[in-house]
Amino acid sequence: MRIVVGADHGGFHLKQDLVKWLKEEGHIVEDIGAHEYDQYDDYPDFAIKAANKIKDGSVNRGIVICGSGVGASIASNKIKGIRASVCHDSYSASQGVEHDDMNVLCIGARVIGYELARLVVESFLNSSYSGGERHQRRLDKLIDLES
Ligand code: RB5
């Protein structure tokens, strides 16, 4: 899968580890930064950059990491067409895709560690949108809000 990954200083080290693993798993990973640790960088810059990669169709999914995952989620959801959420468990990560067509997974690197993050990411990437009538009806209501 083609995946964009981004993180601020709060998520920098976890991003480095996840990007390495995702590439080893055979994914095509676009790492939009931060490319070096900078305690003064801002999560919206990375969330927006990642969101735009999904919007322009160059990638299928995004993973944005900050300290809590909250800022990354709030920023990502400002962009039309982005359905982002913080998930720190596998159930939410897969159901978020299956029912809600979530396309950006947000992770808080100060909340979960590498091993759990890997399980959450696996659940996110291995899931696909159900397209079920009730799910689509709900999704359409959200799409209406954006227009
Ligand atoms: C940065 O210190 C931190 O506030 C940020 O990474 C994130 O946790 C915000 O939600």
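Above this note sits the structure.
Residues numbered from 1 in each chain as written. Predicted model: local features only at pLDDT ≥ 70, side-chain atom pairs only at ≥ 80, totals over all residues. Heavy atoms only, no water.

This next bit is on the overall build of the protein. Summing up its helical and strand segments, the protein has six helices and five strands in all. Each helix and strand of the protein, ordered N terminal to C terminal, gives the series β-α-β-α-β-α-β-α-β-α-α. For 147 residues, the compact-globule estimate of 2.2 N^0.38 gives 15 Å, and the protein sits close to it at 14 Å. The dimensions of the protein, computed from C-alpha atoms along their principal axes, are 45 × 30 × 25 Å. When burial is assessed residue by residue, the protein has 44% of its 147 residues classed as buried. For the protein, the proportion of contacts with a sequence separation of at least 24, taken over those separated by at least 6, is 68%. Side-chain charges in the protein split into 17 positive and 22 negative, and the spacing between the mean points of these groups amounts to 5 Å. (Helix = DSSP H or I, 4+ residues; strand = E, 2+ residues; numbered from the N terminus. Rg over C-alpha atoms; globule rule 2.2 N^0.38 Å. Buried < 20%, exposed > 50% of the residue type's maximum accessible area, 1.4 Å probe, protein only. Contact = heavy atoms within 4.5 Å. Lys, Arg positive; Asp, Glu negative; His and termini not counted. Charge placed at Lys NZ, Arg CZ, Asp CG, Glu CD.)

A few words now on the site of the ligand. Surveying the vicinity of the ligand reveals the residues Asp 8, His 9, Tyr 43, Cys 66, Gly 67, Ser 68, Val 70, Gly 71 and Arg 110. Between the ligand and Asp 8, the relevant distance is 2.6 Å, taken from an oxygen atom to a side-chain nitrogen or oxygen of the residue. Here Gly 67 contributes a backbone N or O atom positioned 2.8 Å from an oxygen atom of the ligand. The fraction of the free accessible surface of the ligand (290 Å²) that becomes covered by protein chains is 73%. Grouping the amino acids of the shell around the ligand by side-chain chemistry returns three nonpolar, four polar and two charged. (Near = heavy atom within 4 Å. Polar contact = N/O pair within 3.5 Å; in protein donor to acceptor, adjacent residues only side chain to side chain. Areas by Shrake-Rupley, 256 points an atom, 1.4 Å probe, with all protein chains shown as cover. Nonpolar A, V, L, I, M, F, W, Y, C, P; charged D, E, K, R; others polar.)

Once that is clear, we can look at the packing of helix H1 (residues 12–24) against helix H5 (residues 114–125). Packing of H1 against H5 brings their axes to within 11 Å, and their N-to-C directions diverge by 50 degrees. Between H1 and H5, the crossing angle belongs to the class labelled oblique. Relative to H5, the crossing made by H1 is right-handed. Contacts from Leu 14, Asp 17, Leu 18, Trp 21 and Leu 22 in H1 reach Tyr 114, Ala 117, Arg 118, Val 121, Glu 122 and Leu 125 in H5. (Axes fitted to C-alpha atoms, helices over the stretch in contact; angles between N-to-C directions. Parallel < 35°, antiparallel > 145°, perpendicular 65-115°, else oblique. Left-handed = near helix turned anticlockwise from the far one by under 90°.)

We now examine a negative patch on the surface. On the surface, Glu 36, Asp 38, Asp 42 and Asp 45 cluster together into a negatively charged patch. Tracing the sequence through the fold places Asp 38 in the loop between strand E2 (28–31) and helix H2 (43–55). (Patch = residues over 30% accessible without salt bridge, like charges linked within 9 Å, V, L, I, M, F, W, Y side chains within 5 Å. Salt bridge = Lys/Arg side-chain N within 4 Å of Asp/Glu carboxyl O.)

Counting residues in each nonpolar core, the largest one holds 23 residues, and the members touching the most others are Leu 18, Leu 22, Ile 63, Leu 105, Ile 107, Val 121 and Phe 124. Within the residue set of this core, elements represented by two or more residues are strand E1 (2–7), H1, strand E3 (61–66), helix H4 (90–100), strand E5 (104–108) and H5. Non-local contacts of Ile 63, meaning those with residues more than four positions away in its chain, are made with Ile 3, Val 4, Val 5, Gly 6, Leu 22, Leu 105, Ile 107, Val 121 and Phe 124. Within the second largest apolar cluster, 19 residues are counted, among which are Ile 32, Ala 50, Cys 66 and Ala 75. (Core = buried A, V, L, I, M, F, W, Y, C linked by side-chain atoms within 4.5 Å.)

The next thing to look at is the pattern of salt bridges. A complete count under the given rule lists six salt bridges for this structure. A salt bridge links Lys 15 to Asp 31; the shortest N-O distance between them is 3.0 Å. One end of the pair, Lys 15, is in helix H1; the other, Asp 31, is in strand E2, and 16 residues separate them in sequence. For Asp 101, the salt bridge goes to Arg 83, with nearest N and O atoms at 3.0 Å. Of the two residues, Asp 101 is situated in the loop between H4 and E5 and Arg 83 in the loop between helix H3 (70–76) and strand E4 (84–86); the sequence distance between them amounts to 18 residues.

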